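A closer look at the structure
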Amino acid sequence: GQQVMQIPQYQHVQEGEDFTTYCNSSTTLSNIQWYKQRPGGHPVFLIQLVKSGEVKKQKRLTFQFGEAKKNSSLHITATQTTDVGTYFCAPWTHAGNNRKLIWGLGTSLAVNP
Amino acid sequence: SAVISQKPSRDICQRGTSLTIQCQVDSQVTMMFWYRQQPGQSLTLIATANQGSEATYESGFVIDKFPISRPNLTFSTLTVSNMSPEDSSIYLCSVGPGRGSDEAFFGQGTRLTVV
């Protein structure tokens, strides 16, 4: 079945450093979503990208969708301790009459104050 | 948006018993999803539950082990049957996509420990 690969699996940064996580698919995606899960919490929606080459920003977070719609990235500028958590990419895919999210393995971010 | 109330938030159960997890949504939704997540790992989809039809199970999950009910558009239950320690995990219900948005919303999760 369809899979998305995320790298790196873990990242430790000093507060103030930048952070990037990458999401790659072997097939063309119609969309990609990003979620953040804080330790002990549930996933929370961050953004959805649907257009080739799309770039969206949310304060210090920049999301990109590749031109071929096979990869995506999330970049955080000047990390803060509040950025700690696991970041997942997940495209919606069709499964028969249903749709479902295909979850990457996630990138766990630790920020040292 | 959708707010999901998931119960119980945690439980410790004896092996061989069953636990039913409930999710109540504050609005009508077509699709509900049940996931399992081991600490530090990604989400694994157990099944998709649509109102008025049988749940669609993912590979490796069967109805006898994880029966699901979806009696209406705002409620669903997942039962973990004949539990073993390997069933210890976090179980999450989720809804989406909805009208005008592809965002998925999640319950707070049920942390299950089987002893």
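My aim in this report is to walk through the structure given alongside it, one point at a time.

Reading the values: the criteria
- Residues numbered from 1 in each chain as written.
- Chains lettered and ligands numbered in written order.
- Predicted model: local features only at pLDDT ≥ 70, side-chain atom pairs only at ≥ 80, totals over all residues.
- Heavy atoms only, no water.
- Salt bridge = Lys/Arg side-chain N within 4 Å of Asp/Glu carboxyl O.
- Buried < 20%, exposed > 50% of the residue type's maximum accessible area, 1.4 Å probe, protein only.
- Disulfide = S-S within 2.5 Å.
- Helix = DSSP H or I, 4+ residues; strand = E, 2+ residues; numbered from the N terminus.

Okay, the pattern of salt bridges next. Oppositely charged side chains may form a pair once their charged atoms are brought near each other. Applying the stated criterion to the full structure yields 5 salt bridges over all chains. For the salt bridge of Glu54 of chain A with Lys56 of chain A, the shortest nitrogen-to-oxygen distance reads 3.7 Å. Overall, the relative accessible area of 15% leaves Glu54 of chain A in the buried class. Measuring nitrogen to oxygen at the nearest pair gives 2.6 Å for the salt bridge that ties Asp87 of chain B to Lys65 of chain B.

The next subject is the state of the cysteines. Inspection of the entire model under this criterion finds 2 disulfides over all chains. The disulfide partner of Cys23 of chain A is Cys89 of chain A, and the gap between their sulfur atoms is 2.0 Å. Taking the sign of the S-S torsion, 75° for the link of Cys23 of chain A and Cys89 of chain A, the bridge is right-handed. Note that Cys23 of chain A is positioned in strand E3 (residues 19-25) and Cys89 of chain A in strand E9 (residues 85-90), a separation of 66 residues in sequence. Here Cys23 of chain B pairs with Cys93 of chain B through a disulfide, and the sulfurs are 1.7 Å apart. Taking the sign of the torsion about the S-S bond as the criterion, the disulfide between Cys23 of chain B and Cys93 of chain B, at about -90°, is left-handed. Here the residue Cys23 of chain B occupies a position in strand E3 (residues 19-25), and Cys93 of chain B occupies one in strand E9 (residues 89-95), the gap between them amounting to 70 residues.

That's the geometry; what it means functionally is another story.
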